[in-house]
Every structure is written in structure tokens, then in C-alpha cells.
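The residues making up each chain are set out below.
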Amino acid sequence: MSTTWILIVFFLSLFILLFGIIKLKMNSGVMMLITALITGILLRMDATTLIKTTASGFGNMMAALGIVVGLGSILGGILSESGATDQLALSMLKTFGSKHANLALNGTGYLISIPVFMGPAYIILNPICTTLAKHTKRNVIGYTTALVVGLMCTHCLVIPTPGPLAVAGTMGANIGLFILYSLIVSLPASLVGGWLYGNFLDKKFSSAKEDAVSDNEAITEIEKSAKAVHPSAGSALFLILLPIILILFATLMPYVTSAGWVLAICTFLSASNGVGALTISVVAAWLMLRKYIDKTPAKVFSSSLNDVGDVFFILAASGSYGAIISASGIGTVLSGFVSASGIPLFVMAFIMSVLLKAALGSSATALVTTASLMAPMLTAGTNPIIVGLAICLGGLGICLPTDGAFWEVKEFNGLSMKETFIAHTGGNLIACIVGFVVLCLLALCSGFLPGLA
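Residues numbered from 1 in each chain as written. Predicted model: local features only at pLDDT ≥ 70, side-chain atom pairs only at ≥ 80, totals over all residues. Heavy atoms only, no water.

Draft legend 1. Fine view of the overall build of the chain. Counting secondary structure elements, the chain contains 19 helices and zero strands. When the 453 residues of the chain are sorted by exposure, 55% land in the buried category. When contacts within the chain are restricted to residue pairs at least 6 apart in sequence, long-range pairs at least 24 apart make up 79% of them. Surface exposure of the chain reaches about 18200 Å², of which carbon and sulfur atoms provide 68%. (Helix = DSSP H or I, 4+ residues; strand = E, 2+ residues; numbered from the N terminus. Buried < 20%, exposed > 50% of the residue type's maximum accessible area, 1.4 Å probe, protein only. Contact = heavy atoms within 4.5 Å. Areas by Shrake-Rupley, 256 points an atom, 1.4 Å probe, with all protein chains shown as cover.)

Right under this line is the structure:
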């Protein structure tokens, strides 16, 4: 099959998907399944391969995110029913005010996503965004952008997240120096793409609302609507941080001890995106907050899961679509075009990673694939840290509907497709560009910077 036809099918599939969702108002999950099947037919897949690939992509996505999404939603439901999220939002407004709330959310996401996978961290923290938006009467898009960009920047760039760890290992880079320069690159990227762009979106989408309220009015509203007996903001903060602390423990302890029982606990806590840590956190949340909740556990849990029923199907369907796109060989085609361009190696690595992220959806897959393709091209005069960071920055690049995170951001915040592109795709693309500019400056100064010479 010609490379030209593969490229045509790739872009045609994106057009079909977006046309069906935006113009025809089709359900996102159903449209992704339809698009996956059409794409497979256009690529001349035989029927057996097409159905198996579609089904395996569906199942793999649910295996990776299904339990995490379910448990994260239940944890959020417990916090909401008890009034804990209201108290946390109240505390944040009193401490930072709505003027600085985006900075606080961006910084929180940036720090938390260093030890914790972006997916579960987003699900755990997102209720803060929705609660703030509800009581300040502002559009949630600014809060969402600030949080998700902060999460994505460290998810794609800072070790011990698996993607950048794999890149540093494949490129043979010094881990300590890689972490140092990844922080230098990712921090301004997060602040510009998350905090400043989030503030811009907040003004653009919220300033014209007639029902917008001041901080004092929002605080008064929360206090009036709060339960007579409610948990403290500290309790809410502890329960939100608990799974993150457990996953951080599981990440760091193997470096401290090799005791079998400790490693077994770490595996339980961190496996499958932190299912064990989230399970413990749900149990702890119910035990701590049940006295503030009038409903039975069954009703709270069922209500929470009902709220994300569509999300399960949409995420799984995005796995099917991504699997078909991956099987098309588009990654190999794009890599071939970039490799033949003759541009500097770190620029080539960046472009290749951006294109693979757009095509394959998964940042981690794009990073690992690009690193494996670029490692053999390293020469004696090429710095592996610069090339490795360029690859990691590409994982922020073009976030399309091939990425499960795209649908998480859309569905959990009730955003339209346009708003999701503006917030998630736009914010991360800005962060990607800012980070690459900083990386170019580091490359220009590499002659006297430690580890880059």
C-alpha cells in the first residue's frame, strides 16, 4: 500500500470523525467505532484483522483506564456528597482568590504528575475545577486548561514518569542531568500554556457572563449552601493526596530497599495506573466521610458510576480508533518523511515525536517509538539530553481525538469539541512550543552548560 494513500486515509479518518461529532451530532464513542471500521476498510484490512484490532484496542483501553476512571469517579462522588469538595474550593478561594486560582491549579498539576500518571491524577483533581466553576459562576475551561497542562508537562518530561524515563534510558542520557534540564524546560512551558493561557481563556469565556460573581459572593454562596455539619478542607485535601502519596511511596521505595514484601506492596499500589492506591483511598474516604453522607454506599457508588457511563464507552472506543490508526503504519510513514528531511537531529526528533503523538494518540507510545528510531542516529557530537528532551516535548504536541486524555477532558468537564480543542489541544500545543524555544536556547548555550557540552 502506498504511503500517499496511508496519509490520505489518516487525514480522511480525522475529517470523518470530527464531521460526525460536530456536524451530525453523533455520540462520540459510536462515531469513533464507525470511523475505526471505515478506516480499516479503506486500508484494505481483511475482516478478521479489522474486527480483532478494533476489539483489542477497545479492551486494551478499558484495561488501562476503566478501573481507574471508575474508582476515581467514586472517590469524587464521596467527596462531593459529603461536602468536602465545597470546603476545598472555599479554602482555595480564600487563600488564592479566583485571580490566582489558575496558578494554584497549574502548580498542583505540575507537581503531582511527576510521581503519578496523568490519567488518575486528572480524575482525582478535576472535581476542584468543576466545583470552583460552579460557585464562581465562571466557565470551567480556564481552570481545566491550567490543571491539564500542568499535569501533561511533567507527565511528558520529568522522570520518574515512564515515558521520559524510557527516553533517557534509550538515549543513554545521564538521569540526574536529564531531570535538571527537564525541569528547566517544562516549568516555563507549564506556566505559559497552563496558567497564562488559562487566564486568557477564563477572561474570554467568562467575562461576558451576566451571572459572574466576585470572590466574596462565591465564598458566601458556598458557606450558605454548605451542610450544617461538614468535613474540613484539610480532610478533602488529605483524601485527594492519599492515592498520590501511596503511588509516590510505591515509586520511591524500590530505590531504598529490595525487600520482597516491600516490593510486593509497591507493585500492588502502583500497578495498572495505581488501581491499588485508588482502592485504598476509596475505602479510606468512605470510612472518614460516611458520617457526613445521608445516602447508602450503594447509592453513592452507583450514582458516581452512572455519571461516567458514557465516558467508559468513549474511552474504550478511542482505543479502537487508535489501534486501527496504529496498525495502518502511519507512524512508519511519518518517520520516513522526517528522517529524509536532513534537518538537525534534535529538531528532527521533536517533529517526529509531535507527528507520532498526533497519529498514535498515546504520549508514552510516541516517546518510546521516537527514541528507538532516533537512538541509532546519535553521533559523537550530538548531546543525548537535548535530543531526549526534544522527543519528550513532542509528546505535548498535537493532542487529537486519537488520545484518550482528549476525551477525559471533554467528558468530565462537559466541554464541546471546539472547547476541548481550545483548552486541551491549544494549551498543550502552546506549552510544547514554549518548551521547544527554551530547549533551542539551551542548545545554543550548550558549549558552557554542564552536561550539554
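Draft legend 2. Focus on the pattern of salt bridges. For the structure on display, the rule yields three salt bridges. Between R138 and D202 there is a salt bridge, with its nearest N and O atoms 3.1 Å apart. Of this pair, R138 sits in the loop between α5 (118-136) and α6 (141-157) while D202 sits in helix α8 (residues 175-206), and the two are 64 residues apart along the sequence. Each member of the pair, R138 as well as D202, carries the same accessibility label: buried. For E411, the salt bridge identified is with K410, shortest N-O distance 3.1 Å. Residue E411 is classed as partly exposed on the basis of its relative accessible area of 23%. (Salt bridge = Lys/Arg side-chain N within 4 Å of Asp/Glu carboxyl O.)

Draft legend 3. Structural context of a nonpolar patch on the surface. A contiguous nonpolar surface patch, about 800 Å² in accessible area, is contributed by I8, L12, F15, F19, L24, M26, V30, I34, I38 and F313. Elements that contribute at least two residues to the nonpolar patch include exactly α1 (3-23) and α2 (28-42). Looking at which element gives the most residues to the nonpolar patch, the answer is α1, with four residues. As for its position among the elements, F313 is in helix α13 (residues 309-327). (Patch = residues over 30% accessible without salt bridge, like charges linked within 9 Å, V, L, I, M, F, W, Y side chains within 5 Å.)

Draft legend 4. Geometry of α6. End to end, α6 covers 24 Å across 17 residues, agreeing with the expected 24 Å (1.5 Å per residue, within 8%). In terms of burial, α6 is largely enclosed, as 17 of its 17 residues are buried. (Expected span 1.5 Å × (residues − 1).)

Draft legend 5. Summary view of the packing of α6 against α8. Here α6 crosses α8 at 165°, and the two axes come no closer than 8 Å. Classified by the angle between their axes, α6 and α8 sit roughly antiparallel to one another. Seen along the crossing, α6 lies across α8 with a hand that is right-handed. Only F178, S182, S186, A189, S190, G193, G194, Y197, G198, L201, D202 and F205 of α8 make contact with α6, whose side of the interface consists of I141, G142, T145, A146, V149, G150, C153 and L157. By residue class, the composition of the contact of α6 with α8 is ten nonpolar, nine polar and one charged. (Axes fitted to C-alpha atoms, helices over the stretch in contact; angles between N-to-C directions. Parallel < 35°, antiparallel > 145°, perpendicular 65-115°, else oblique. Left-handed = near helix turned anticlockwise from the far one by under 90°. Nonpolar A, V, L, I, M, F, W, Y, C, P; charged D, E, K, R; others polar.)

Draft legend 6. A look at unusual backbone geometry. Even without a glycine there, the phi angle at R44 is positive, about 65°. Within the element layout of this structure, R44 appears in the loop between α2 and α3 (47-82). Classification of R44 by relative accessible area gives exposed; the value is 63%.

Draft legend 7. How the structure looks around the nonpolar core. Core analysis: the biggest nonpolar cluster contains 99 residues, and I78, Y122, F178, I391, L396 and L439 have the highest contact counts within it. With eleven residues, the single largest contributor to this core is helix α11 (residues 260-289). With near-sequence residues (within four places) excluded, I78 lies in contact with V282, A285, W286, L289, I293, V300 and F301. Counting residues in each nonpolar core, the second largest holds 25 residues, with M31, I314, I324 and M417 among its members. (Core = buried A, V, L, I, M, F, W, Y, C linked by side-chain atoms within 4.5 Å.)

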